[in-house]
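In case you want the letters, here they are:
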Amino acid sequence: QKIIRCRRFAAEGNCPLRYKSNTPKEELLVAHVREFEQQFITVYGPRHLFLTPPNEVQVPKFLPSTMRPTHLPYTELYDYKTAALFLSSFLNYEPLKIPDKYPTVIPSPANVLKWQAGDCFDFSIVLCSLLIGVGYDAYCVSGFAPRFITTRNEARSKCPFLEKKARPPPAADDEDPDVKFTIPKKPPLESKHERQQEEKETEEVRQREEQAMRSDSDDDPSSDEDECMNKRIHCWVLLRKGQREVPEDIWIEPTTGRVYDMKSCPYIGIDLLWNHKNLWVNMQQVPAKDVKLELFNSRYFEYVMVEPESLADHHEGEGEGMTEADAAAAAAPGAEAQYVLDMPPSWSERLDISREAYHARCYQGAKTTLYYKCKVEQFAPYDQVDGLVQRVFSYKDVRRQIPVEVKETFKHRRDHLVERTRWPMENKVLERFDPGRDKALKEYRCTESIERTLVWYSSSRSDGLVQTTQRIGEKFMEWFSDRDDRLTYHSVTFDQEATGPARKKVPLSIETAGETPIRKMTQKFRRDPSLPIEQDFAKIVYLFRDNCIRVDFHCEGSKITHRSLTFVKNDNNGMEMQTPLWLDSYPDWVMPSAQQVQQLLVREKNCHTTFKEHLAQEQDELGNRRKEEHSITAWRSIDRKEGEEKVTGHVGSGSQPAREKEIPVLERSVYDLARERANEEGGREGIEEEQEEEAANQVDILAPYLVDFQGKPLDTMQAEFVAKKCKNEFRKRLLDRAQIIQKRLEKEQDELKKCKNE
């Protein structure tokens, strides 16, 4: 595929001149590189050096000159992690045709981004060009890698979307400098038998995991024997520390976007290393994790281009054997400049990613990747009717047949849904929303027929509601914040054991259980420093089964115990206080007045009314969510039906814009609307210009015959005269053409006779 794309590009004939030929400086550079290659082989023996591969039109180009550092106007491409992940999805990976040989063509990175496809060398050159363009010290590295890397098979790798961030180890306690003497700790006693048993169990677990891995050989070719073991050629990216606050050297795999430490990388060996300024040949016969990256040390690397820093190192190493005159001549400005060949500018065009391609994200709008017990599906925004951009499946088995968790990510939803997580085996659902919904819903958690929780954006609600939790048929709870009445929590507990007339006593309507009696209601309040303790309620419990109300007060000062009062309802709609046991210990305690006691009945009534309203609001919100999901399901079925009609060749009468108005599922961002408006205006202007050009270029063939009648309507006689004149002119033109044809025919016949006579 890569060679076919290059041939098509060369056949188009509109490629830039620098693609089709080398400048004099580039020719000099290629000659210098070939001379370096000959000297290298002479000194170190035969070795294949991939230094000047041909480009799309078979013109040899030095590898560093293929890089084109570019800074694109996308924030996601400014960080190396997000840039690597973006390119791994944006470009379609094509393994090398012959795994143990270098590619025959290295196209320009600009064309790679335009084609959105390439091999590991194309991935690395594009990523390295973008990283250097934003200030990183990045290098392309070619060498050898195992098969699962070169084929981008991640069936045995953990999914990066499920890996949790490791917590930093706790900081060690600083030693007390005043302590002069310490008691040495004895080493803990260990049993050799127990240690052997643990090692044996660990080995058994490892063998079981390996066996489970081998059972997934359907989509993991690395389980078979590899004919090119340790010989598969690959290319990846090295990021050096120092610039852009990179703390240490790291490897970046451009085909998957994974980042590896220097000591834990899967790569086997390194052959070449280059950036936009120079190329280095590795001289170390060690694994990639043990390579020393001293690039200008000839023991470890041989560099092709001479740089000022390498000259300085060279003079420092040979300064002892130089005379004063030689040292002065070498130190003179410009002494070595005439012998140093610098790198010409890149021959590639500037890298560019259009906004449409950038927002499409994935190659052809969709991508599926298989991981160990996991599958990830990625979609372009607006590609799916429900706004789905990513779906991550977690499975119980290695063959990915029993789903345990399904996590979906959405964008541009009108209902502001951004994430949904489902646990099919447990009947659990978790949904998260962005701010903007009518009732400020933030999160929805549900365990089917057991518990339901709604979390709200409290700052967007006038009642300060933070969370609503309902244990179906058992309890209803709500938490609040920043309320003027200092309410922080209230709950209602239902009486499922009530029978007979007791079930009709102060009921509440529950969606699944109908009218259910209340056993108790509870309210909690935060402390008000302006009120004394005997007037500041901490908790009020309305006990309907016991027909009483219990009031708990806040703790006084640093005490951990609180005081409570219980009021029992009588038959006259009044209340009587039960004398508490602690009253004798607190003679200064001010008992509540009759008006305050009567106010508790009003609080009870208001609390019951509030619960009715909040239950109704919760049911309305859940009803709206069901309607939204039903509408999206209907829209998805319509889209699926239309897709089938397109496949069979029967196209429906409905259009996509009309359907968007009927079922508004997704909303366009401000930038998308502005771009669409600009495209419409540009198209309208283009149509108007074409119409003007057509009107200007339009020729009236009757104009020469109507010169005498301009601005006057023609009567019958004048029209017949013009028609007769046109016919005569047309007849004359036909006769003239016939005469010309006859003369040419006679001429050809005479020439034929002459040829026959000769």
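Since this is a predicted model, take the numbers as computed values, not measurements. Each chain has its residues counted from 1, following the order in which its sequence is written. Two thresholds apply to this predicted model, a pLDDT of at least 70 for residue-level local features and 80 or more for giving and counting side-chain atom pairs, whereas whole-chain, interface and lining totals are computed over all residues. Side-chain calculation: all heavy atoms of the structure are included, whereas hydrogens and water are not.

**Details of the overall build of the chain**
Item 1. Strands here mean DSSP runs of E at least two residues long; helices mean DSSP runs of H or I at least four residues long; both are numbered from the N terminus. Of the regular secondary structure elements, the chain holds 16 helices and 26 strands.
Item 2. Per-residue accessibility, obtained with a 1.4 Å probe over protein chains only, is compared with the maximum for each type, and a residue is labelled buried under 20%, exposed over 50%, and partly exposed between these values. Across the 758 residues in the chain, those meeting the buried criterion constitute 37%.
Item 3. A contact between two residues is defined here by any heavy atoms of the two lying within 4.5 Å. When contacts within the chain are restricted to residue pairs at least 6 apart in sequence, long-range pairs at least 24 apart make up 54% of them.
Item 4. The accessible surface values rely on the Shrake-Rupley method and a 1.4 Å probe; as for residues, cover is taken only from the protein chains in view. For the chain, the exposed surface amounts to about 47,100 Å²; the carbon and sulfur share of it is 50%.

**Regarding unusual backbone geometry**
Item 1. Even without being glycine, Gln 116 reaches a positive phi, approximately 60 degrees.
Item 2. Looking at the element boundaries, Gln 116 is found in the loop between helix H6 (109–115) and strand S2 (117–118).
Item 3. Residue classification places Gln 116 among the buried positions, given a relative accessible area of 17%.
Item 4. Of note in the backbone geometry, Glu 245 takes a positive phi value of approximately 60 degrees without being a glycine.
Item 5. Here Glu 245 is to be found in the loop between strand S4 (233–239) and strand S5 (250–253).
Item 6. Overall, the relative accessible area of 76% leaves Glu 245 in the exposed class.

**A look at the sheet that holds S4**
Item 1. In spatial order, the strands read S6-S5-S4-S3-S7-S8-S9; together these 7 strands make up an open sheet with antiparallel pairing. What marks the edges here is a single partner per strand, and that holds for strand S6 (258–261) and strand S9 (301–303). The mean inter-strand angle of the sheet, taken between neighbouring strand axes irrespective of direction, is 30 degrees.
Item 2. At least two DSSP bridges between two strands are needed for those strands to be called paired. Where S4 meets S5, 3 bridges bridge the pair, whose relative direction is antiparallel. Bridge assignment links Leu 238 to a residue of S5, and that residue is Trp 251.
Item 3. Packing of helix H3 (residues 24–44) onto the sheet brings it into contact with strand S8 (279–282) and S9, and relative to S9 it is tilted by some 150 degrees.
Item 4. Axis definition: a line fitted to C-alpha atoms, over the contacting stretch in the case of helices. Angles run 0 to 180 degrees between N-to-C directions. Packing of helix H7 (residues 120–133) onto the sheet brings it into contact with strand S3 (138–144), S4, S5 and strand S7 (269–274), and relative to S4 it is tilted by some 10 degrees.

**Some remarks on the packing of aromatic side chains**
Item 1. Pairing of aromatic rings covers Phe, Tyr and the six-membered ring of Trp, with a centre-to-centre limit of 6.5 Å; geometry is then stacked below 30 degrees between planes, edge-to-face above 60, and tilted otherwise. This structure, assessed with the given rule, holds 24 aromatic pairs.
Item 2. A centroid spacing of 5.7 Å and a plane angle of 85 degrees characterise the contact between Tyr 93 and Phe 123, whose relative ring orientation is edge-to-face. With Tyr 93 in strand S1 (residues 92–93) and Phe 123 in helix H7, this pair connects stretches of sequence that are 30 residues apart. The pair formed by Tyr 93 and Phe 123 is uniform in burial state, with each residue classed as buried.
Item 3. On the numbers, 5.3 Å between centres and 55 degrees between planes, the contact of Trp 479 with Tyr 489 is tilted. In this pair, Trp 479 is assigned in strand S19 (residues 475–480) and Tyr 489 in strand S20 (residues 487–494), connecting sequence segments 10 residues apart.
Item 4. Through successive ring pairs, a cluster of aromatic residues spans Phe 9, Tyr 19, Trp 115 and Trp 347.
Item 5. When the ring centre of Phe 433 is taken as reference, the NZ or CZ atom of Arg 437 above it lies at 4.8 Å.
Item 6. The positively charged end of Arg 461 is found above the aromatic ring belonging to Trp 456, 4.6 Å away from the centroid. Should the NZ of a Lys or the CZ of an Arg lie within 6 Å of a ring centre and within 35 degrees of the ring normal, that charge is described as sitting over the ring.

**Focus on the packing of helix H5 (residues 80–90) against H7**
Item 1. Their axes nearest at 11 Å, the elements H5 and H7 cross at an angle of 145 degrees. Crossing hand, H5 versus H7: right-handed. Between H5 and H7, the residues in contact are Tyr 80, Ala 83, Ala 84, Leu 87 and Ser 88 and Phe 123, Val 126, Leu 127, Leu 130 and Leu 131, respectively.
Item 2. Classes in brief: Ala, Val, Leu, Ile, Met, Phe, Trp, Tyr, Cys and Pro nonpolar; Asp, Glu, Lys and Arg charged; the others, Gly included, polar. The residue makeup of the contact of H5 with H7, split by class, is 9 nonpolar, 1 polar and no charged. If you view the pair so one helix is near and one far, a crossing is left-handed when the near helix is turned anticlockwise from the far one by less than a right angle, and right-handed when it is turned clockwise.

**Looking at the pairing of strand S23 (residues 537–543)**
Item 1. Burial analysis of S23 places 5 of its 7 residues in the buried class, the great majority of the element.
Item 2. Sheet topology note: the S23/strand S24 (residues 548–553) ladder contains 6 bridges and is antiparallel. Each residue of the ladder has a partner; that of Ile 540, found in S24, is Val 551.

**So, H3**
Item 1. With 21 residues, H3 extends 30 Å from end C-alpha to end C-alpha; this agrees with the ideal 30 Å at 1.5 Å per step.
Item 2. Glu 26, Leu 29, Val 30, Val 33, Phe 36 and Phe 40 are the residues of H3 that are buried. One side of H3 holds all its buried residues, which, seen down the axis, span an arc of 120 degrees. Residues of H3 that are exposed and point over 90 degrees away from its buried face: Pro 24, Gln 38 and Thr 42. Here the expected span of a helix is defined as 1.5 Å times the quantity of residues minus one. Directions pointing from the helix axis toward each C-beta atom define the arc.

**Considerations on the nonpolar core**
Item 1. We define the nonpolar core as a collection of buried residues of types Ala, Val, Leu, Ile, Met, Phe, Trp, Tyr and Cys that are connected through side-chain atoms lying within 4.5 Å of one another. In this structure, Phe 62, Phe 121, Leu 131, Leu 239, Trp 274, Leu 279 and Ile 353 are the most contacted members of the largest nonpolar core, which totals 59 residues.
Item 2. Examining the composition of this core, we find that 10 residues originate from one element, H7, more than from any other.
Item 3. What Leu 131 contacts, discounting residues up to four positions off in sequence, is Tyr 80, Ala 83, Tyr 136, Ala 138, Val 237, Leu 239 and Ile 252.
Item 4. Counting residues in hydrophobic clusters, the runner-up holds 38 residues, among them Leu 388, Leu 454, Leu 465 and Phe 553.

**Points about H7**
Item 1. For H7, built from 14 residues, the straight-helix expectation of 20 Å at 1.5 Å per residue is met to within 8% by its first-to-last C-alpha distance of 20 Å.
Item 2. Burial runs high along H7: 13 of the 14 residues are buried.
Item 3. Its side-chain oxygen at 3.1 Å from the backbone nitrogen of Phe 121, Asp 119 defines the N-terminal cap of H7.
Item 4. Positive phi appears at Gly 135, one or two residues downstream of H7, with a value of about 105 degrees. Counting of polar contacts relies on pairs of N or O atoms within 3.5 Å, with two restrictions inside protein: one atom must be capable of donating a hydrogen and the other of accepting it, and residues adjacent in sequence are counted only when both atoms are side-chain atoms.

**Brief notes about the side chain of Asp 536**
Item 1. Within the secondary structure, Asp 536 is located in the loop between strand S22 (514–525) and S23.
Item 2. Within polar-contact distance, the side chain of Asp 536 engages the side chain of Arg 486 at 3.0 Å.
Item 3. Polar side-chain contacts of Asp 536 include one of 2.9 Å to the backbone nitrogen of Asp 528.
Item 4. Apart from residues no more than four positions distant in its own chain, Asp 536 is found in contact with Arg 486, Arg 526, Arg 527, Asp 528, Leu 531, Phe 553 and His 554.

**Quick word on the pattern of salt bridges**
Item 1. We define a salt bridge as a contact between a side-chain nitrogen of Lys or Arg and a carboxyl oxygen of Asp or Glu at a distance within 4 Å. Applying the stated criterion to the full structure yields 40 salt bridges.
Item 2. Between Glu 431 and Arg 420 there is a salt bridge, with the nearest N and O atoms lying 3.1 Å from each other. With a gap of 11 residues between them, Glu 431 in strand S15 (residues 428–433) and Arg 420 in strand S14 (residues 417–423) connect regions that are remote in the sequence.
Item 3. Of the residues examined, Glu 431 reaches a relative accessible area of 6% and is grouped as buried.
Item 4. With relative accessibility at 11%, the residue Arg 420 sits in the buried group.

**Let's talk about the confidence of the model for the chain**
Item 1. Per residue, pLDDT measures the predictor's confidence, with a range of 0 to 100. For the chain, per-residue confidence averages 81 on the pLDDT scale, and 83% of positions sit at 70 or higher.
Item 2. The element-level mean pLDDT for the chain is lowest in helix H14 (residues 656–662), coming to 40, with H7 highest at 94.
Item 3. Low pLDDT, under 50, characterises residues 314–338; the predicted model gives this stretch 7 contacts beyond four residues in sequence or across chains.

**Here's the deal with the environment of Leu 666**
Item 1. Position of Leu 666 relative to the elements: it lies in the loop between H14 and helix H15 (670–697).
Item 2. Along the chain, Leu 666 and Lys 411 lie 255 residues apart, while their C-alpha atoms are 8.3 Å from each other.
Item 3. The contacts of Leu 666, once residues within four sequence positions are left out, are Tyr 382, Gln 384, Val 385, Asp 386, Gly 387, Lys 411, His 412, Arg 413 and Arg 414.

**Topic: the pairing of strand S25 (residues 564–569)**
Item 1. Across 5 bridges, the pairing between S24 and S25 is antiparallel. Note that in S25 the partner of Arg 550 across the bridge is Thr 566.
Item 2. The sheet contact formed by S25 and strand S26 (residues 575–578) spans 4 bridges and is antiparallel. Bridging from a neighbouring strand, Phe 567 pairs with Met 577 of S26.
Item 3. Linking S25 to S26, which pair antiparallel, is a turn of 5 residues; within it Asn 573 sits at a positive phi near 60 degrees.

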